[in-house]
Amino acid sequence: MIILTGGAGFIGSCFLWKLNQRGISDIIVVDDLDSSGKWKNLLGKKFVDYIQKDDFLELLESGKLANINKIIHMGACSSTVLNDPVYFLKNNYEYSKRLALWAVARKARFIYASSAATYGDGTAGYDDADEITPFLKPLNMYGYSKHLFDLWLLQNGLIKKATGLKFFNVFGPNEYHKEEMMSIICKRFNEVSSGKPMRLFKSYRKDYKDGEQKRDFIYVKDAVEVMNYFYDNPGKCGIYNLGTAQAHSWNDVASAMFSALGMKPAIEYIEMPENIRKQYQYFTQAKMDKIRAAGCGHKFMTLEEAVKDYCGYLKDGAYL
């Protein structure tokens, strides 16, 4: 039996889709179904049970859930603007520790979501080598909560019994409920397709022109293929970057979107909210040597291919 936390969320529901494609449905989905509408991500999916997040740990630790041999822990608060350290620590750090300890004690497979937010402003690079991890300085509480858990696993020698994936900028179907945290493609699709310009943030650094801030964008279909690799290879433990190793600018994303829609590019640069200016990442690019050395040879879609595919889903309001 598989536990999939965050199974109604963006990446979690897409991995559920992938497992279902493989004919795997002995899955217990754990999430926090609220008013966001993410319950729609579960429509058409196959799983044996659903449990609310707040009820799950007690059921698990009391032994009321039997035959659990895999925990895929995707559940977390991923907001980069929420300012509630206590919530982040309880929800992202303490919750993850309890799950990891339970899994290790029972020799259950444990795969979890870390984040590229742990790298902060990138001055320490984007290398996922264990000896570099302690020196990273996240820019927000979300990144710090993920960083704390990575450090805890490393310091306690438990990373040899777990697999962490540092997701970079993931976009694609099933992110529709994420509101301000959804990708720019999803956020601006209706405006752009109706003839309005693509609105991008201005740059506040002299070394980056407006729209030339760069991120490592990875399509969710590619992300779940890599997750699938680690699911099938339980001996591959450690913390791994999950990006494409190729940074693209926001202008590149806009260009790919206009091309996918068959429209002439039109971009408007807008002020960035002050509350995120000091914690804004101007450049991210995953170093992927470690994951390749682990045997994962997945070939990623190009940005243009991925955006075109995603726009097909957005036109129809479709889900994975």
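Overview of the structure.

Quick look at the overall build of the protein chain
The secondary structure content of the protein chain amounts to 10 helices and 13 strands. Its C-alpha atoms give the protein chain a radius of gyration of 19 Å, near enough to 20 Å, the size a compact globule of 320 residues would have. Counting only C-alpha atoms and orienting by the principal axes, one finds that the protein chain spans roughly 60 × 45 × 40 Å. The buried share among the 320 residues of the protein chain stands at 55%. In the protein chain, of all internal contacts separated by at least 6 residues, the share reaching a separation of at least 24 is 77%. Surface summary for the protein chain: the accessible area is close to 14,400 Å², and the carbon and sulfur share equals 49%. Separation between the mean location of the 42 positive side-chain charges and that of the 37 negative ones in the protein chain comes to 2 Å.

Regarding the packing of helix α7 (residues 250–261) against helix α10 (residues 303–316)
It is the contact of α7 with α10, at a shortest axis distance of 9 Å, that shows an interaxial angle of 55 degrees. Viewed along their axes, α7 and α10 adopt a mutual orientation that is oblique. In this structure, the crossing between α7 and α10 has a hand that is right-handed. Residues Asp252, Val253, Ala256, Met257, Ala260 and Leu261 of α7 lie in contact with α10, whose contacting residues are Leu303, Glu304, Val307, Lys308, Cys311 and Lys315. Across the contact of α7 with α10, the residue classes break down as 8 nonpolar, no polar and 4 charged.

Here we look at the packing of helix α5 (residues 184–193) against α7
In contact at an axis separation of 11 Å, α5 and α7 are set at 45 degrees when each is read in the N-to-C sense. As far as their axial angle goes, α7 and α5 are oblique. The two elements α5 and α7 meet at a crossing, and its hand is right-handed. When α5 is examined against α7, the residues Ile184, Ile185, Arg188, Phe189, Val192 and Ser193 are found in contact with a partner set consisting of Trp250, Val253, Met257, Phe258 and Leu261. When the residues that make up the contact of α5 with α7 are grouped by side-chain class, the tally is 9 nonpolar, 1 polar and 1 charged.

Examining the nonpolar core
Within the largest apolar cluster, 75 residues are counted, with the highest numbers of intra-cluster contacts made by Ile72, Phe167, Phe171, Ile185, Met227 and Met257. Setting aside chain neighbours within four positions, we find Phe171 in contact with Phe10, Ser183, Ile185, Phe217, Ile218, Tyr219, Val220, Leu303, Ala306, Val307 and Tyr310. Listed in part, the 27 residues of the second largest apolar core include Leu60, Leu65, Tyr95 and Trp152.

Calculation criteria
Residues numbered from 1 in each chain as written. Predicted model: local features only at pLDDT ≥ 70, side-chain atom pairs only at ≥ 80, totals over all residues. Heavy atoms only, no water. Helix = DSSP H or I, 4+ residues; strand = E, 2+ residues; numbered from the N terminus. Rg over C-alpha atoms; globule rule 2.2 N^0.38 Å. Buried < 20%, exposed > 50% of the residue type's maximum accessible area, 1.4 Å probe, protein only. Contact = heavy atoms within 4.5 Å. Areas by Shrake-Rupley, 256 points an atom, 1.4 Å probe, with all protein chains shown as cover. Lys, Arg positive; Asp, Glu negative; His and termini not counted. Charge placed at Lys NZ, Arg CZ, Asp CG, Glu CD. Axes fitted to C-alpha atoms, helices over the stretch in contact; angles between N-to-C directions. Parallel < 35°, antiparallel > 145°, perpendicular 65-115°, else oblique. Left-handed = near helix turned anticlockwise from the far one by under 90°. Nonpolar A, V, L, I, M, F, W, Y, C, P; charged D, E, K, R; others polar. Core = buried A, V, L, I, M, F, W, Y, C linked by side-chain atoms within 4.5 Å.

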